[in-house]
Amino acid sequence: MVKFWAAAIWSVTVACIVAVQGASLVERDSCPTNDHGSLKCETSGGSPLVADCEAAINTIPDNAYCTQENAHGSLCTTMVRVGTCKIDVCGALSSTVSPISSVTRCNTYLRTLLASCKSGSLVGGQIFPQHCSVHYVDTPIQDPGLVDKHHYRLQFSHS
């Protein structure tokens with residue numbers, strides 16, 4: 001009987017942990033078509049070239065998961081570098097967007113970031129996909145003004 005209750009408590013604990021880690025597959029599959037999350041444009045004279053970032057985005061396959069795999073320091077994983085552009089995925093270890101639909105593909109988010117934050121020939125900034133698109137190990141960011149390195153985001157920076 002003790003083993004049964006221990007197993008039942010463990011199952012509930014695991015279920016609770018999974019529940020707070022992020023959106024379920026059903027939730028991610030039902031993301032609204034306008035799920036582009038929030039943006040933080042940071043374009044300056046030191047930002048990468050738009051053309052380089054466009055080329056970098058084009059190297060990312062539609063089925064890419066864009067998973068953050070760096071457990072140290074910046075908590076950012078560099079996905080690709082082209083010319084002056086570096087594309088990073090940042091956040092808690094193993095957080096990811098999944099390519100369930102064209103809405104939740106990381107290259108769709110990156111194209112939104114590019115279109116929204118470009119200034120002349122330069123672009124810089126971050127995009128924070130909404131909760132229903134992302135499997136988080138922690139909770140998603142609500143206010144991009146309060147960026148915490150554990151919150152999932154995609155970003156352009158100078159390589």
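Reading guide: rules and limits
Residues numbered from 1 in each chain as written. Predicted model: local features only at pLDDT ≥ 70, side-chain atom pairs only at ≥ 80, totals over all residues. Heavy atoms only, no water. Core = buried A, V, L, I, M, F, W, Y, C linked by side-chain atoms within 4.5 Å. Buried < 20%, exposed > 50% of the residue type's maximum accessible area, 1.4 Å probe, protein only. Helix = DSSP H or I, 4+ residues; strand = E, 2+ residues; numbered from the N terminus. Contact = heavy atoms within 4.5 Å. Pairing = 2+ DSSP bridges. Axes fitted to C-alpha atoms, helices over the stretch in contact; angles between N-to-C directions. Disulfide = S-S within 2.5 Å. Salt bridge = Lys/Arg side-chain N within 4 Å of Asp/Glu carboxyl O. Arc of directions from axis to C-beta.

### Some words on the nonpolar core
In step 1: Counting 24 residues, the largest nonpolar core has Ile87, Leu154 and Phe156 as its most contacted members.
In step 2: Elements with a contribution of two residues or more to this core: helix H3 (50–58), strand E3 (85–90), helix H4 (106–117) and strand E9 (153–158).
In step 3: Not counting chain neighbours up to four residues away, the residues in contact with Leu154 comprise Cys66, Met79, Asp88, Val89, Cys106, Tyr109, Leu110, Leu113, Gly125, Gln126 and Ile127.

### Side note on the sheet that holds strand E2 (residues 76–82)
In step 1: Strand order in the open sheet made by the five strands is E1-E7-E9-E3-E2, with antiparallel pairing throughout. The open sheet has two edge strands, strand E1 (38–41) and E2, and neither has a second partner. Neighbour to neighbour, the strand axes of the sheet diverge by 15° on average, direction disregarded.
In step 2: Examined bridge by bridge, E3 and E9 share six bridges and lie antiparallel to one another. Paired with Cys90 across the strands is Arg153, a residue of E9.
In step 3: Set on the sheet, H3 makes contact with E2, E3 and E9; between it and E3 the angle comes to about 55°.
In step 4: Strands in contact with H4 are E1, E2, E3, strand E7 (125–128) and E9; relative to E9, the strand with the most contacts, it is inclined by about 55°.

### Things to note about unusual backbone geometry
In step 1: Of note, Leu75 is a non-glycine position whose phi angle comes to about 55°, a positive value.
In step 2: By the secondary structure assignment, Leu75 is in the loop between H3 and E2.

### Here's the deal with the state of the cysteines
In step 1: On inspection of all chains with the given rule, the structure shows four disulfides.
In step 2: The disulfide partner of Cys41 is Cys117, and the S-S distance across this bridge is 2.0 Å. Judged by the sign of its S-S torsion, about -75°, the cystine formed by Cys41 and Cys117 is left-handed. Linking Cys41 in strand E1 with Cys117 in helix H4, this pair joins segments that are 76 residues apart in sequence.
In step 3: Between the sulfur atoms of Cys53 and its disulfide partner Cys85 the distance amounts to 2.2 Å. Around the S-S axis, the bridge from Cys53 to Cys85 shows a dihedral of about 100° and counts as right-handed. In this pair, Cys53 is assigned in helix H3 and Cys85 in strand E3, connecting sequence segments 32 residues apart.
In step 4: A relative accessible area of 0% places Cys53 in the buried class.

### Observations concerning the pattern of salt bridges
In step 1: Taken as a whole and judged by the stated rule, the model has two salt bridges.
In step 2: Residue Lys40 is joined to Glu42 by a salt bridge in which the shortest nitrogen-to-oxygen separation is 3.7 Å.
In step 3: According to the relative accessible area criterion, Lys40 is partly exposed, its value standing at 29%.
In step 4: Taking the relative accessible area as the measure of exposure, Glu42 reaches 35% and is therefore partly exposed.
In step 5: Between Asp88 and Lys86 there is a salt bridge, with the nearest N and O atoms lying 3.5 Å from each other.
In step 6: According to the relative accessible area criterion, Asp88 is buried, its value standing at 3%.

### Description of H3
In step 1: Of the positions making up H3, those classed as buried are Val50, Asp52, Cys53, Ala56 and Ile57. All buried residues of H3 lie within an arc of 160° about the axis, which places them on one face of the element. Set apart from the buried face of H3 by more than 90 degrees, the exposed residues are Ala51 and Asn58.

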